[in-house]
Amino acid sequence: MPELRKDPITGRWVVVSTERQKRPMDFRFEKATAIGREHCPFCPGRESVTPPEVLAYRPAGAANGPGWDLRVVPNKFPALRVEGTLEREGEGMFDRMSGIGAHEVIIETSDHDKGFASMSELEIERVLWAFRDRVLDLKNDIRFRYILLFKNHGPAAGATLEHGHSQLIALPIVPDFVREEIDGAKRHYADKERCVFCDIVRQELTAGRRLIHENADIVALAPYAARVPFETWLMPRAHASRFEEAPRHVFESLARMLKWVMARIDRALEVPPYNLIVHNAPFSEETSSFFHWHVELMPRIARLAGFEWGSGFYINPTSPEEATEVLRRVRL
C-alpha cells in the first residue's frame, strides 16, 4: 500500500510506493560513458592541462607537477567566477546579481580507477581534509555566504570524467534547499528547544529500523522520508553546525563510514551513479544551536518524471526500511 511520508525537517512530502518496484525501468540507470583514462586531464603527468592548483597534498615534487596524492584546482569551466565585484540590481519585478563565486575541483587521488569504495580510509580522510582546508580559506571572502561541497559519480549523476573527483562552489547567496533545512530546524528548536537532527539520531538509534551502521562518531541511516531508493544520511552523533570545525577523530570516523557504506552500496546496486552532498551551516549567519551538519548520499537509480517536477514530491519505490535491511545484509 503506498503511503505519504513527511520530512520532519523541511516538511517536504515523499510518496513511498513499493509496488512500483515491479516496473522494470525503475532501477535502470544510464550507462553513458565519461571521459576515460586516455584523455583524462586529472591523471599525473597532465597537470598543465588543468588551471594551476590552489591546494595539493604531495610527498614529493614541485607545484603543478607529478608526485601528488590530492590536488585542488579551479574548474576550467566554472559555474561562477571569482573575479569581479558583487552587484545586485533589478529589472522591474525580476531580481539579478552578478555571478560572483568560486568553483573548484578536488581531484581525490592520483589513481584514475579508485572510488570511495576502493580507497583506503586514510585516502578518504585526506579528501575530507581538503574540503575543510578550502572552506576555511574561501570563507574569508566577504562576498561569499555559502560553500557547497558535492560529488557527482557516474554520467547519470552529472560526472563527465571517470577520475574520482568532488567539487566546491562558493555562492553569494544561501541556496533554497539549505534555507528550507535551516528554517525547519529553527522552527523545531523554537518549539522543542532541541536540535531536530539530534532528535532524529536519538530516535533512529533507539528504534533501529532505519539504522544502517554506526561507529564512535557517525551514524548512517536511511531517512524516514527518503526521496530516492537507498538514500543514506551520515550524521555526527555530537551536535555541531559546521563541517569545517569538526575535530580529527570525527573526520577519521566519517572516512571509515563512507568506505563502509559505499562498499555495500556498490555491491548491492552494482556500482551505481550517485550524488554526495555535504550539508553545512552558512558561515554568514549564526545557526550553532539548531543546525547539524551531515552528509547526504543519493544513488541515481530511479528516474524523475512529470509528477516529481510538477508536484515537488518524490516517488520512492523502495522503502527506507527495506533499503536498510539490504545494506545490512551485504557481505563483502
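Residues numbered from 1 in each chain as written. Predicted model: local features only at pLDDT ≥ 70, side-chain atom pairs only at ≥ 80, totals over all residues. Heavy atoms only, no water.

Further remarks concern the environment of Trp 129. Relative to the helices and strands, Trp 129 resides in helix H1 (residues 121-138). Spatially, the C-alpha atoms of Trp 129 and Ile 315 are 35 Å apart, while their sequence positions differ by 186 residues. (Helix = DSSP H or I, 4+ residues; strand = E, 2+ residues; numbered from the N terminus.)

Right, let's talk about the packing of aromatic side chains for a bit. Inspection of the entire model under this criterion finds six aromatic pairs. Ring centres 6.4 Å apart and planes at 55 degrees place the aromatic pair Phe 131 and Phe 243 in the tilted group. Of the two residues, Phe 131 is situated in helix H1 and Phe 243 in the loop between strand E12 (232-236) and helix H4 (248-269); the sequence distance between them amounts to 112 residues. The pair Phe 131 / Phe 243 is uniform in exposure class, with both members buried. Look at Phe 243 and Phe 251: their rings are 5.1 Å apart centre to centre, the planes differ by 40 degrees, and that puts the pair in the tilted class. Judged by its relative accessible area of 0%, Phe 251 falls in the buried class. Here a set of aromatic residues connected by ring pairs shows up, and it is made of Trp 129, Phe 131, Phe 243, Phe 251 and Trp 293. (Phe/Tyr/Trp six-rings, centres within 6.5 Å; stacked < 30°, edge-to-face > 60°. Buried < 20%, exposed > 50% of the residue type's maximum accessible area, 1.4 Å probe, protein only.)

What follows covers the sheet that holds strand E7 (residues 102-107). Spatially, E3-E4-E7-E9-E8-E13-E14-E12-E11-E10 is the arrangement adopted by the ten strands of the open sheet, whose pairing is antiparallel. Every other strand in the sheet has two partners, leaving strand E3 (55-57) and strand E10 (211-214) as the edge strands with one partner each. Across the sheet, the mean angle from the axis of one strand to that of its neighbour is 20 degrees, orientation sign disregarded. As judged from the three bridges shared by E3 and strand E4 (residues 70-74), these two strands associate in the antiparallel manner. From the neighbouring strand, Leu 55 faces E4, where its bridge partner is Val 72. Here H1 sits on the sheet and contacts E3, E4, E7, strand E8 (146-153), strand E9 (165-171) and strand E13 (274-279); the angle it forms with E3, its principal contact strand, is near 150 degrees. (Pairing = 2+ DSSP bridges. Axes fitted to C-alpha atoms, helices over the stretch in contact; angles between N-to-C directions. Contact = heavy atoms within 4.5 Å.)

In spatial order, the strands read E1-E2-E15; together these three strands make up an open sheet with mixed pairing. Taken across any chain shown, the strands that pair with only one partner, and hence form the sheet edges, are strand E1 (3-6) and strand E15 (314-316). Neighbour-to-neighbour, the strand axes of this sheet turn through a mean angle of 30 degrees, independent of strand direction. Strand direction decides the pairing type here: strand E2 (residues 13-16) and E15, joined by three bridges, are parallel. When the sheet's bridge partners are listed, Val 15 is paired in E15 with Ile 315.

Turning our attention to the packing of H1 against H4. Contact pair H1 / H4: the axes reach a minimum separation of 8 Å and the direction vectors enclose 125 degrees. Considered as vectors, H1 and H4 are oriented oblique to each other. Here H1 and H4 pass one another in a crossing that is right-handed. The residues of H4 that touch H1, namely those facing Glu 121, Ile 124, Glu 125, Leu 128, Trp 129 and Arg 132, are Arg 248, Phe 251, Glu 252, Leu 254, Ala 255, Arg 256, Leu 258 and Lys 259. Looking at the contact of H1 with H4 residue by residue, the classes come out as seven nonpolar, no polar and seven charged. (Parallel < 35°, antiparallel > 145°, perpendicular 65-115°, else oblique. Left-handed = near helix turned anticlockwise from the far one by under 90°. Nonpolar A, V, L, I, M, F, W, Y, C, P; charged D, E, K, R; others polar.)

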